[in-house]
Amino acid sequence: MKEKKRIIAMAGKGGTGKTTISSLLIKYLVENAFTPILAVDADANANLNELLGLDVPETLGGIRERMKNETPQGMTKSDFMEMEINKAIIEATGFDLLVMGQPTGPGCYCMANSILAGVMDRLSGSYKFMLVDNEAGMEHLSRLNLRKLEMLFVVSDPSARGVMTAARIAELTKALGVEVGGKVLIVNRAPEIMPEALIEKIAETVHQTDLVFGGIVPMSQEIFEAEAKRQSLLNLSPETHAVQAAFEIFRRHIK
Ligand SMILES: Nc1ncnc2c1ncn2[C@@H]1O[C@H](COP(=O)(O)OP(=O)(O)OP(=O)(O)O)[C@@H](O)[C@H]1O
Ligand SMILES: [Mg+2]
């Protein structure tokens, strides 16, 4: 029987580090031969490609838009979309990247979205892992008809309110009708000394929800510098503390 593809998604409030942690997760999966991987940037303001040092010539949103008028006569819309998506796949070492792009404009996109979901479902079957970098609302999960996730990493900033927001965001998957194998909280950009009260708040929050505490990724000078120089996070040294901390979380939760 064909192996089931494993879907991992990122969630969290704006600016908490979802895209950064997604990049580190791709680095981890590639370096540990959990390949091939399909990375999907499901943020309207796409920038995962930048952290991976890749250019994006075409987005799924753009293809969905063009499908309406550009499907050649004698070709089904579904075949057109499949052909265009295959062209839009950005191939890198160990992983491929697809970018969702802008949400739909006014009008009905139900058919276009259902064709897109169908094509994506077929396509993703040839990967071992699918990683989806979301925005806080995670609407693209339902747009892609992803009903079952193996894992949801919920990224939070190191604050009591941030952790409570993370817990609320984790709850959103229920409203979206997405079944999640495990929800793992990552507290990112943490200071060297975490306040005792914050550690207690994290413990209390995970206790009250179905979140599991994954771990802490420290504030990282190396990430700051890579970001400023627009360098790919895939090239961060294995000595980088943030990389080591993130990898430790992944090692424990991805078997
Ligand atoms: N551990 C870290 N150390 C230092 N800087 C970090 C760390 N994590 C993230 N950053 C920086 O914080 C900023 C926001 O991170 P990122 O873009 O990953 O967040 P996001 O949750 O994806 O944001 P958005 O909601 O806009 O998609 C970036 O400039 C990133 O370089
Ligand atoms: Mg992001």
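Predicted model only: the values in this text are computed from it and were never measured.

*Asks:* Would you explain the environment of Glu91 in this entry?
*Replies:* Considering the arrangement of structural elements, one finds Glu91 in strand S3 (residues 90-91). Measuring from C-alpha to C-alpha, the distance between Glu91 and Val40 comes to 12 Å, with 51 residues separating the pair along the chain.

*Asks:* For this particular structure, what's the right way to read the site of ligand 1?
*Replies:* The environment of ligand 1 is formed by 18 residues, the closest being Gly14, Gly17, Lys18, Thr19 and Thr20. For the shell around ligand 1, the secondary-structure elements that each account for two or more residues are helix H1 (18-31), strand S7 (179-190) and helix H9 (221-228). Here the shell around ligand 1 is built from residues that sort into five nonpolar, nine polar and four charged.

*Asks:* Got a minute to help me understand H1 in this structure?
*Replies:* Each α-helix winds once per 3.6 residues, and so residues spaced three or four apart point in a common direction. Relative to the 20 Å expected for 14 residues at 1.5 Å per residue, H1 spans 20 Å between its end C-alpha atoms, a close match to the ideal helical length. Here H1 lies mainly inside the structure; 11 of its 14 residues are buried. Those residues of H1 that fall on the buried side of the exposure criterion are Lys18, Thr19, Thr20, Ile21, Ser22, Ser23, Leu24, Leu25, Ile26, Lys27 and Leu29. Phi for Ala33, located one or two positions after H1, is positive at around 60 degrees.

The rules we used
- All residue numbers refer to positions counted from 1 along the written sequence of the respective chain.
- For naming, the first written chain is A and the first written ligand is 1, with later ones following in the order written.
- Thresholds applied to this predicted model are a pLDDT of at least 70 for local features of residues and 80 or more for the giving and counting of side-chain atom pairs; totals over whole chains, interfaces and linings are not thresholded and use all residues.
- Helix and strand assignments follow DSSP, with helices taken as H or I runs no shorter than four residues and strands as E runs no shorter than two, numbered in order from the N terminus.
- Here is the check we use: build the C-beta atom from the backbone, and if it is within 6 Å of the molecule or strand, call the residue near.
- Polarity classes work like this: nonpolar for Ala, Val, Leu, Ile, Met, Phe, Trp, Tyr, Cys and Pro, charged for Asp, Glu, Lys and Arg, and polar for all others, with Gly in that last group.
- One fewer than the residue count of a helix, multiplied by 1.5 Å, yields its expected span.
- Counting other C-beta atoms within 10 Å of a residue's C-beta gives its exposure: the residue is buried at 20 or more, exposed at 12 or fewer, and partly exposed in between, where C-beta atoms are placed from the backbone.

These figures capture arrangement, not role.
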